[in-house]
Amino acid sequence: MSTPKRDKPWLMRTYSGHSSAKASNELYRTNLSKGQTGLSVAFDLPTQTGYDSDHPLARGEVGKVGVPIGNIGDMQALFDQIPLGQMNTSMTINATAAWLLALYVAVAERQGASPAQLQGTTQNDILKEYLSRGTYIFPPAPSVRLTTDIIAYTVKNIPKWNPTNICSYHLQEAGATPTQELAYALSTAIAVMDAVRDSGQIGADGFEQVVGRISFFVNAGIRFIEETCKLRAFGEMWDKLTQERYGAQSEEMRRFRYGVQVNSLGLTEAQPENNVQRIVLEMLGVSLSKRARARAIQLPAWNEALGLPRPWDQQWALRMQQVLAFETDLLEYGDIFDGSPVIAAKVKALVDGATAEMARVQEQGGMVQAIESGYVKRQLVTSHTERMRAIERGDLKIIGLNCYQETEQSPLTGGVDSGIMKVDPRAEREQIERLNAFRAQRNTAEVKAALATLAETARGGSNIMPASILCAHAGVTTGEWSQTLRDIFGEYRAPTGIDIPANDDARSARAVAIRTQVNQTGEEVGRPLRLLIGKPGLDGHSNGAEQIAVKGRDVGFEIVYEGIRLTPEQIAKAALEEGVHLIGLSVLSGSHIEMVDDVFNQLGKVGLKDVPVVIGGIIPESDAKLLKERGIAAVYTPKDIDMNGIMVDILNLIRKANELKPVAVV
């Protein structure tokens with residue numbers, strides 16, 4: 001009996017980077033030696049938002065959620081002994097994508113590789129940043145211009161590069177249903193490709209190459225049959241869209257090309273060992289259907305909901321992929337879903353729903369206008385609110401979180417490290433020292449000339465990439481590149497999306513009872529109770545803050561929420577001016593200790609040291625204890641799903657601060 005011919009496996013990656021370029025390089029080379037076939041670079045928040053490591057806004061954030069890259073020296077250290085002419089590298093970077101790609105090209109050139117050899121992807125989907133991760137810098141129009149410039153430049157000069165990853169992944173993390181994920185991702189693709197076409201940088205005869213280099217980065221949740229159908233729907237809709245709207249005739253150019261990281265939103269802090277089976281099942285959604293199979297897969301580690309994964313945890317995630325690809329018979333067969341009426345019906349329902357939602361976006365003028373008006377953000381907040389309320393009610397069951405909560409103590413989270421890796425506090429100081437040393441040895445005149453060329457290019461409308469690569473070679477830093485463009489394009493604050501109608505849960509008996517007590521307490525203290533929800537630092541993941549703001553408003557609190565990336569000074573000033581009764585901080589980047597210290601310092605300066613402060617985020621128990629010792633009144637993590645209970649806690653903290661007895665709300 002002949003052995004069946006096996007398909008080639010997908011690219012296998014782990015999303016990683018931390019502390020420093022040198023430490024991350026060692027991790028990359030270790031992972032490659034274990035059978036990883038591509039790199040996926042995580043950058044820290046200062047790099048993603050265009051700040052040097054010594055900028056005041058970078059305090060506490062350096063090296064926490066990724067690797068800090070401040071200049072070409074850092075980039076050379078990151079890829080030391082890794083030949084870029086042979087590597088396939090994905091870089092999760094958006095607002096500063098042009099800059100990081102310029103650094104990557106410059107390092108490759110110094111290694112002796114030509115840009116034409118380079119293979120990989122820049123995420124470079126800035127529009128979803130206004131809706132989810134929040135690492136945008138500039139207003140939408142100049143941001144789309146930068147995206148357009150990268151696409152035009154790479155199609156001409158780096159033909160094997162994927163210049164943008166349209167990210168439905170982060171839309172799902174922000175609450176999108178599969179229908180919304182399809183609609184908003186494809187609407188984003190339309191906005192981007194229309195902008196490339198209208199820029200005139202690529203002629204009609206070459207536009208098919210643009211279509212062929214557009215890739216997607218998708219999410220796969222636990223409902224793996226529905227996720228399989230979603231990916232088949234993506235393929236159908238993309239094929240039709242690119243043929244009808246952009247005239248792409250080649251089937252190869254119209255192929256839906258995507259990479260995936262399976263869902264992190266559904267990973268739980270409670271009974272985290274259950275995350276292993278969740279990850280494996282979610283991987284099936286993007287691998288079972290050959291016609292809709294991912295081209296690259298990266299899996300989160302089982303302990304991502306607890307903190308930063310260790311190398312061993314990342315190895316475990318890689319081995320999951322390898323077992324599926326090399327031990328099972330998955331790659332020996334054609335598409336096992338072809339001909340299924342159940343699958344066909346579900347795909348049709350998703351296509352019909354997404355098509356209708358795309359029409360609503362187009363009625364507003366397209367995706368950019370729908371973002372600026374706040375329409376898309378409101379839709380996502382509404383969907384995420386409905387999901388969280390379903391978990392809270394128990395209608396959506398999450399094992400270990402709202403059902404089957406009894407558990408044995410896990411040996412995986414024992415030990416001195418509690419099952420996660422912590423970034424050495426010295427990493428930030430050492431990175432700043434390297435940055436200062438780099439600045440001291442460069443040619444200042446060459447740097448000024450390169451920045452002047454960059455500014456002239458930005459004002460004049462020419463493609464930004466050649467000037468950026470010139471800056472990279474000259475020794476310009478990430479902060480200098482970004483500040484030059486900030487001075488020209490300005491900065492932006494996106495709509496928060498919390499101005500949505502109250503749902504049925506706001507009219508439940510418990511919510512009504514809480515609202516009664518909130519109103520009564522307001523009468524006792526002499527004015528309505530007011531909460532300030534603040535996100536200090538550079539972390540832009542705002543789901544938790546938004547849900548607390550929506551729930552607080554629904555139970556009668558007045559809410560002050562100005563969105564992401566606030567300085568501690570801004571939070572203290574707003575607390576003073578708005579006369580708030582309690583401050584809720586949200587920090588998910590691991591910099592909670594530093595942020596709390598800074599906020600308390602600023603509150604003391606404005607005379608508000610007695611205002612109770614609570615915090616939510618991915619906070620290990622040891623850090624939670626330390627925060628309480630420093631004055632934090634309560635710490636909430638993703639396992640705290642009883643939103644009504646949190647509101648009662650907050651109410652009683654306000655009552656305690658005003659010397660009133662606590663109330664019980666059943």
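These numbers come from a predicted model, not from an experiment.

Colleague: I'd like a rundown of the domain arrangement of the chain, residues and numbers included.
Modeller: Quoted interface sizes are often the accessible area lost when the parts come together. Domain assignment breaks the chain into domain 1 (11–373 + 408–413) and domain 2 (504–657). Relative to domain 2, the C-alpha centre of domain 1 lies at a distance of 33 Å. Domain 1 puts 25 residues into the contact, and the matching count from domain 2 is 22 residues. Both faces combined, the contact of domain 1 with domain 2 buries some 1700 Å², and carbon together with sulfur accounts for 50% of it. For the interface between domain 1 and domain 2, the tally reads three salt bridges.

Colleague: Give me the pattern of salt bridges: which residues, what numbers.
Modeller: All told, the structure shown has 38 salt bridges when counted by the stated rule. Salt bridges linked by common partners bring Asp194, Arg197, Asp198 and Arg245 together as one network.

Colleague: I'd like to hear about unusual backbone geometry, residue by residue, with values.
Modeller: Non-glycine residue Gln81 carries a positive phi angle of around 65°. Along the chain, Gln81 falls in the loop between helix H3 (72–78) and strand E4 (88–92). The class of Gln81 is exposed, set by a relative accessible area of 60%. Phi at Arg565 is positive, roughly 55°, even though this residue is not glycine. As for its position among the elements, Arg565 is in the loop between strand E12 (558–561) and helix H21 (568–578).

Colleague: Describe the nonpolar core, with residues and values.
Modeller: Of all hydrophobic cores here, the largest spans 173 residues; its most connected members are Met75, Phe216, Trp238 and Phe557. Two domains each donate at least three residues to this core, and these are domain 1 (11–373 + 408–413) and domain 2 (504–657). Setting aside residues up to four positions removed in sequence, Trp238 forms contacts with Leu186, Ala189, Met193, Val211, Ile214, Phe216, Arg254, Arg255 and Phe256. Formed by 25 residues, the second largest nonpolar core is a distinct cluster that contains Val560, Met595, Val613 and Ile615.

Colleague: Help me get a handle on the sheet that holds strand E11 (residues 530–534), residues and values and all.
Modeller: Judged by pairing direction, the sheet is parallel, and its five strands sit side by side in the order E12-E11-E13-E14-E15 without closing on themselves. Each edge of the sheet is formed by a strand with only one pairing partner; in this case those strands are E12 and strand E15 (634–636). Direction aside, the axes of adjacent strands within the sheet are offset by 20° on average. Summarising the sheet, strand E14 (residues 613–616) and E15 pair through three bridges and their orientation is parallel.

Criteria and cut-off values
Starting from 1, residues in each chain are numbered consecutively following that chain's sequence as written. Given that this is a predicted model, residues contribute local features only at a pLDDT of at least 70 and side-chain atom pairs are listed and counted only at 80 or more, while totals for whole chains, interfaces and linings are drawn from all residues. Side-chain measures here rest on the full set of heavy atoms in the structure, leaving out hydrogens and waters. The domain boundaries here were taken from an automatic or database domain assignment. Contacts are assigned to residue pairs that have any heavy atoms within 4.5 Å of one another. A quick way to say it: buried area is the sum, across both parts, of accessible area lost when two parts are put together, with a 1.4 Å probe. Salt bridge, as used here: a side-chain nitrogen of Lys or Arg that lies within 4 Å of a carboxyl oxygen of Asp or Glu. Only DSSP runs of H or I reaching four residues or more are called helices, and only runs of E reaching two or more are called strands; each is numbered from the N terminus. Only protein chains enter the accessibility calculation, which uses a 1.4 Å probe. A residue is then buried if its area is under 20% of the maximum for its type, exposed if over 50%, and partly exposed in between. Throughout this description, the term nonpolar core refers to a set of buried Ala, Val, Leu, Ile, Met, Phe, Trp, Tyr and Cys residues connected via side-chain atoms within 4.5 Å. At least two bridges found by DSSP between two strands are what make those strands a pair. Fitted lines through C-alpha atoms serve as axes, helices being fitted only where they are in contact, and the angles separating the N-to-C directions of these axes extend from 0 to 180 degrees.

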